[in-house]
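# Observations on chain architecture
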Amino acid sequence: MLILGVTGGIGSGKTVVTDIFSKLDIDIIDADLASRKAVFKGSSSLIKIQEKFGKDILLKDGNLNRAKLREIIFKDSNQKDWLEKLLHPQILQIIKDELEESKSLYKILVSPLLFETGQYQVCDRTLLVDVSEDKQIQRTSIRDKVPSGQVKSIIKSQLSRLEKIELADDVVSNEGSLADLEEKIKALHSSYLIYAK
Ligand code: ATP
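Residues numbered from 1 in each chain as written. Predicted model: local features only at pLDDT ≥ 70, side-chain atom pairs only at ≥ 80, totals over all residues. Heavy atoms only, no water.

## Let's talk about the overall build of the protein
Within the protein one finds nine helices and five strands. Beginning at the N terminus, the succession of helices and strands in the protein can be written as β-α-β-α-α-α-α-β-β-α-α-α-β-α. For 197 residues, the compact-globule formula gives about 16 Å, and the C-alpha radius of gyration of the protein, at 18 Å, lands near that figure. In terms of principal-axis extent, the alpha carbons of the protein reach across some 50 × 40 × 30 Å. Each of the 197 residues in the protein was classed as buried or not, and the buried ones make up 41%. When contacts within the protein are restricted to residue pairs at least 6 apart in sequence, long-range pairs at least 24 apart make up 73% of them. Surface accessibility of the protein: about 11300 Å² in total, with carbon and sulfur atoms responsible for 52%. (Helix = DSSP H or I, 4+ residues; strand = E, 2+ residues; numbered from the N terminus. Rg over C-alpha atoms; globule rule 2.2 N^0.38 Å. Buried < 20%, exposed > 50% of the residue type's maximum accessible area, 1.4 Å probe, protein only. Contact = heavy atoms within 4.5 Å. Areas by Shrake-Rupley, 256 points an atom, 1.4 Å probe, with all protein chains shown as cover.)

## A short note on the pairing of strand 4 (residues 125–130)
Burial runs high along strand 4: five of the six residues are buried. Judged from the four bridges that link them, strand 4 and strand 5 (residues 170–173) form a sheet pairing that is parallel. If you follow aspartate 130 over to strand 5, its bridge partner there is serine 173. (Pairing = 2+ DSSP bridges.)

## Some remarks on the sheet that holds strand 5
In spatial order, the strands read 2-3-1-4-5; together these five strands make up an open sheet with parallel pairing. At either end of the open sheet lies a strand with only one pairing partner, and these are strand 2 (27–30) and strand 5. Pairs of neighbouring strands in the sheet enclose a mean axial angle of 25 degrees, with direction left out of account. Note: strand 1 (residues 3–7) against strand 3 (residues 107–110), four bridges, orientation parallel. Opposite leucine 4, over in strand 3, you have isoleucine 108 as the bridge partner. (Axes fitted to C-alpha atoms, helices over the stretch in contact; angles between N-to-C directions.)

## Thoughts on the site of the ligand
Residues in contact with the ligand amount to 14 residues; listed here are only the nearest, Lys14, Thr15, Arg143, Asn174 and Gly176. Take arginine 143: an N or O atom from its side chain is 2.7 Å from an oxygen atom of the ligand. Contact with the protein chains removes 76% of the 640 Å² of surface that the ligand exposes when unbound. Going through the elements one at a time, helix 1 (14–23) and helix 6 (133–144) are the ones with two or more residues in the shell around the ligand. The biggest single contributor to the shell around the ligand is helix 1, with three residues. In the shell around the ligand, the residues fall into three nonpolar, eight polar and three charged. (Near = heavy atom within 4 Å. Polar contact = N/O pair within 3.5 Å; in protein donor to acceptor, adjacent residues only side chain to side chain. Nonpolar A, V, L, I, M, F, W, Y, C, P; charged D, E, K, R; others polar.)

## A short note on the layout of surface pockets
Its boundaries defined by the atoms lining it, the second largest pocket holds a volume of some 170 Å³. Lining the second largest pocket are 15 residues, and of these Val131, Gln136, Ser160, Arg161 and Lys164 sit closest to its centre. Counting residues per element, the ones that place at least two in the lining of the second largest pocket are strand 4, helix 6 and helix 8 (161–167). With three residues, strand 4 is the single largest residue contributor to the lining of the second largest pocket. The residue inventory of the lining of the second largest pocket, partitioned by class, reads five nonpolar, six polar and four charged. (1 Å grid on protein atoms, 1.4 Å probe; cavity = no way out; pocket = protein on both sides within 12 Å on 5 of 7 lines; lining within 4 Å. Points joined across faces, edges and corners; volume = space filled by probe spheres on them.)

## Some words on the packing of aromatic side chains
All chains considered together, the criterion is met by five aromatic pairs. Taking 6.4 Å as the distance between ring centres and 85 degrees as the angle between the ring planes, the aromatic pair formed by phenylalanine 21 and tyrosine 106 counts as edge-to-face. On the criterion of sequence distance, the pair formed by phenylalanine 21 in helix 1 and tyrosine 106 in the loop between helix 5 (77–101) and strand 3 is long-range, its members being 85 residues apart. Take phenylalanine 21 and tyrosine 106: they sit in the same class, and that class is buried. Positioned above the aromatic ring of tyrosine 195 is the side chain of arginine 125, whose terminal nitrogen or guanidinium carbon lies 5.1 Å from the ring centre. (Phe/Tyr/Trp six-rings, centres within 6.5 Å; stacked < 30°, edge-to-face > 60°. Lys NZ or Arg CZ within 6 Å of the ring centre and 35° of its normal.)

Below, the structure is given as structure tokens:
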């Protein structure tokens, strides 16, 4: 059984790519969703986060104020390390459970930080969605209606494009049109079906 890890920097096109695989009946396990599940309201991790950062880290409805937490860990790498040590094992467990439940011909784990978090270790093969930094900035700032400076600082916090190219087994370029991308993904899908047999 093949587990394919799909990754790429912010705005590289991971969602577009996984939507194409999904239409081809491949199950998608999303590390971002798993990271939200790890801090659900009332969970032991959320209680530990509240003990560490105070009640203000919660929204009025008891859910985590993710924007506030993101701001704290962006400024302080010690807090970031603490949080990662707490959450990464739990997120990985949620991912493993979801992968186990999936019954598609092969399955995909999509994660923006596949290499950075070590999540690639549960994958048999990895696919990088690669674009130039200019395209990343342009597409993300249009999508999220945010200034390009904000996108640039997120890009800086992630592994560089070259490092990711070195680490990935397969690389798909998303410089062209959506139609180009779909064609390339369909070709990769055919090869993954053979690989999964
Ligand atoms: P994030 O890591 O921020 O979640 P992502 O890697 O999932 O981003 P997408 O949301 O798939 O990236 O793509 C970013 C934006 O760029 C979206 O608005 C998407 O529609 C657009 N986009 C992606 N690929 C192309 C393309 N080939 N041509 C034009 N627009 C594209």
